[in-house]
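Residues per chain are reported as follows:
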There are 2 protein chains.
Amino acid sequence: MNLKELAHHLGLSQSTVSRALNGYQDVSPDTRERVLAAARRFDYSPNASAHRLATGQSGAIGIVFPSGNDPLLDPLFTDFLSGLTNAAARHQMDILVSASLDTAEASYRRLAQRGSVDAIVLSSPLAEDPRVPLLDGLGIPCVVHGRTRSPHPHAFLDIDNEGAFRQATELLVGLGHRRVGLVNGDARQAFAVDREAGWRSALQQAGLTAPDTLNGSDIMTDEAGYRLTAGMLAGATPPTAIICSSIFSAVGACRAIRDRGLAIGSDISVIAHDDGITSIRPEAHHPPLTTTFSSIHRAGERIAEIAADLIGGKSPADCQEVWPVDLIFRDSTRPPVGA
Amino acid sequence: MNLKELAHHLGLSQSTVSRALNGYQDVSPDTRERVLAAARRFDYSPNASAHRLATGQSGAIGIVFPSGNDPLLDPLFTDFLSGLTNAAARHQMDILVSASLDTAEASYRRLAQRGSVDAIVLSSPLAEDPRVPLLDGLGIPCVVHGRTRSPHPHAFLDIDNEGAFRQATELLVGLGHRRVGLVNGDARQAFAVDREAGWRSALQQAGLTAPDTLNGSDIMTDEAGYRLTAGMLAGATPPTAIICSSIFSAVGACRAIRDRGLAIGSDISVIAHDDGITSIRPEAHHPPLTTTFSSIHRAGERIAEIAADLIGGKSPADCQEVWPVDLIFRDSTRPPVGA
DNA sequence: TTATTGAATAAAAGCGCTTTTGGTGTGGTT
DNA sequence: AACCACACCAAAAGCGCTTTTATTCAATAA
């Protein structure tokens, strides 16, 4: 059932039916009611492709999957995407996930030029990310989950990574720790840069050093978390506390600590950043992990809204948000041994 | 830059340019070369909406996100989606992720009627899943990741869940275990039903019982894995081995075992099903976990191909695959204490 | 009365592509 | 010379909608 048939069935013109369905004013209440009733009865819904061609809008927000070769498949992505999709649906939009077969640049270019999407979401930005100027050049609205150092004014939603890790480090220092290890994500990622800065600043503020031996950086898997932590614990000046950039790293870190015959909390304190993903919960650990918390699901929701604003014409400069991060104190952080 | 402009620029008609770009035969090699060169030079790519309207195909495969209220956000989804997206891109298709705001049924209905997608992927099917007949009624091709008990002949890709868990149980029984606990997923899910059947059949084959107290079923998070395992270990006849339906449950199960002062492998054997997700690797555990393994990423890839076949007109009955599952022996499975 | 508005609807144009149909000029066949 | 393929290309229709422009008819104003 399409517009034409529906109109013919009602003895009305296509335009009248279209206007009635789309809530325009110049249709009598009477006809409108008839049209709506018929649409319901025939279970009519307008064809997506035709609608898009006519309006020039695709009704979709695009997101490009980190390339197939990259082993760093973000497990947080599911929760993020779930939020994104939910909020997008509320704005009558869909999420288009695209893979980068060749280069990431080519994917973005294709997406933009073909008009497959009205806006693009950038995830896991690097500190200096070439994608932002690229998309700007292509003239397609884009909102970054995170932040780049780009002087380019771009729409973004980020969490206060620096503040979160400064607070976490301050907490540990306040408990008496003097050697705090950092198990961070990939050093090129913007969030990792910020977190390191927070860690460093808190230590310096307290008159402590931030030695390279306690500054670990790698992908955020349990394996890498284990390796980095085990390395630090085996070093000449092992840490008495560890801060992990993800709950996955923390799982590995905890195993490294236990494997060394040490207890989490009493021997080595642990703080992890928790994005609130459902499959691994820090409060279910033994002992429950102290965390810096910010829901990546809610971030996804908000980003879809920002994208909708952008499509509606809002200026990117007016679409910049930094969310505070909660520090949730649990049992994995205690004063160091002998304090 | 659109077709019209490009054609005008070349002094050719739109149809000729279109045919040249789409590889039809009745265009001289000469003109084709000219057209392609111009397209490259002006960085032309055809408008997606127009293409879709003209061909009647959306060029997208749809997948509906498990509803927003459902806490069971599948963390495996990322890896699956990644495979799906990659393979889809190879077939020039995109993946459209849609949320179910109201009911799941309404979402599918909308997707199908609006022609937003050419095929739909169904994830996490229940043993009896109403979505299969629904989509069939809507006349939109659908491929199920997993299998339903539906008499409806539907396209699917499943792994041999029953065989995998039978083999795993047989391995444990062969080592001398007589009480094997099952930490399964949600009992309504098709895969959980099959895995339980495999476990049960292996035990019965060996003349052993499959008591309800050792048959745990819940969502596949570390927390639930911990709870189920702790419960079994605290019971009157605790298991000497545990089989987990996911690596996340296994993380929880391992913690429960350790918390009870027992060692994994020597005291309690553990086998986990591993979907090959990148963030948590069983071989990185201590001890490395024995697993039943099947890559969910590759399943995603294959499913996109099946969807493409279906769109191409292949019959659903000819699109049914069951993949064998590897049993990978590592150090978490040993003979029981005293054997 | 006659022009003037305004409401309600119809008609038609257009979005950018694909595809069908039609037309031209070449060369080979009878 | 007439015919027919054949290769190549142009013109035009059509996909299903939205939106602009026209039209009708009744009610009001001059």
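Keep in mind the model is a prediction, meaning the values are calculated, not measured. (Residues numbered from 1 in each chain as written. Chains lettered and ligands numbered in written order. Predicted model: local features only at pLDDT ≥ 70, side-chain atom pairs only at ≥ 80, totals over all residues. Heavy atoms only, no water.)

Novice: Looking at this structure, I do not really get the pattern of salt bridges. What am I missing?
Specialist: Two side chains with opposite charge may pair up if their charged atoms get near one another. One pass over the full model with this rule turns up 41 salt bridges over all chains. Across the salt bridge formed by A:E321 and A:R302, the nearest N and O atoms sit 2.7 Å from each other. Of this pair, A:E321 sits in strand β11 (residues 320-323) while A:R302 sits in helix α12 (residues 296-311), and the two are 19 residues apart along the sequence. Its salt-bridge partner being B:R255, residue B:D222 comes within 3.8 Å of it at the nearest N-O pair. Here the residue B:D222 occupies a position in helix α10 (residues 222-234), and B:R255 occupies one in helix α11 (residues 247-259), the gap between them amounting to 33 residues. Neither B:D222 nor B:R255 differs from the other in exposure class; each is buried. Linked through salt bridges whose partners overlap, the residues forming this network are A:D274, A:R281, A:E283 and A:R330. (Salt bridge = Lys/Arg side-chain N within 4 Å of Asp/Glu carboxyl O. Helix = DSSP H or I, 4+ residues; strand = E, 2+ residues; numbered from the N terminus. Buried < 20%, exposed > 50% of the residue type's maximum accessible area, 1.4 Å probe, protein only.)

Novice: In this structure, what is going on with the relation of the copies chain B and chain A? I would like to understand it.
Specialist: Two chain copies here: they are related by a rotation about an axis and a translation along the same axis. Expressed as a screw operation, the relation of chain B to chain A combines 0.1 Å of axial shift with a rotation of 180 degrees, fitting to an RMSD of 0.2 Å. These values place the two chain copies in the arrangement generated by a two-fold rotation axis. Taking C-alpha positions as reference, the residue of chain B nearest the rotation axis is B:L96, located at 2.4 Å. Residue by residue, 100% of the interface of chain B is reproduced at the interface of chain A, so both copies engage with the same surface. (Least-squares fit on C-alpha atoms with pLDDT ≥ 70 in both. Contact = heavy atoms within 4.5 Å.)

Novice: Can you help me understand helix α5 (residues 77-90) of chain A in this one?
Specialist: Working note: α-helix, 3.6 residues per turn, so residues spaced by three or four point in the same direction. Here α5(A) is 14 residues long and its end C-alpha atoms lie 20 Å apart, about the 20 Å a rise of 1.5 Å per residue gives. The buried fraction of α5(A) is high, at 13 of 14 residues. (Expected span 1.5 Å × (residues − 1).)

Novice: Sorry if this is basic, but what is going on with the domain arrangement of chain A here?
Specialist: When the parts of a complex come together, some accessible area is lost, and that lost area is often taken as the interface size. What the domain assignment lists for chain A is domain 1 (3-46), domain 2 (60-159 + 297-323) and domain 3 (161-294). Taking the mean C-alpha position of each, domain 1 of chain A and domain 3 of chain A sit 61 Å from one another. (Domains from an automatic or database assignment.)

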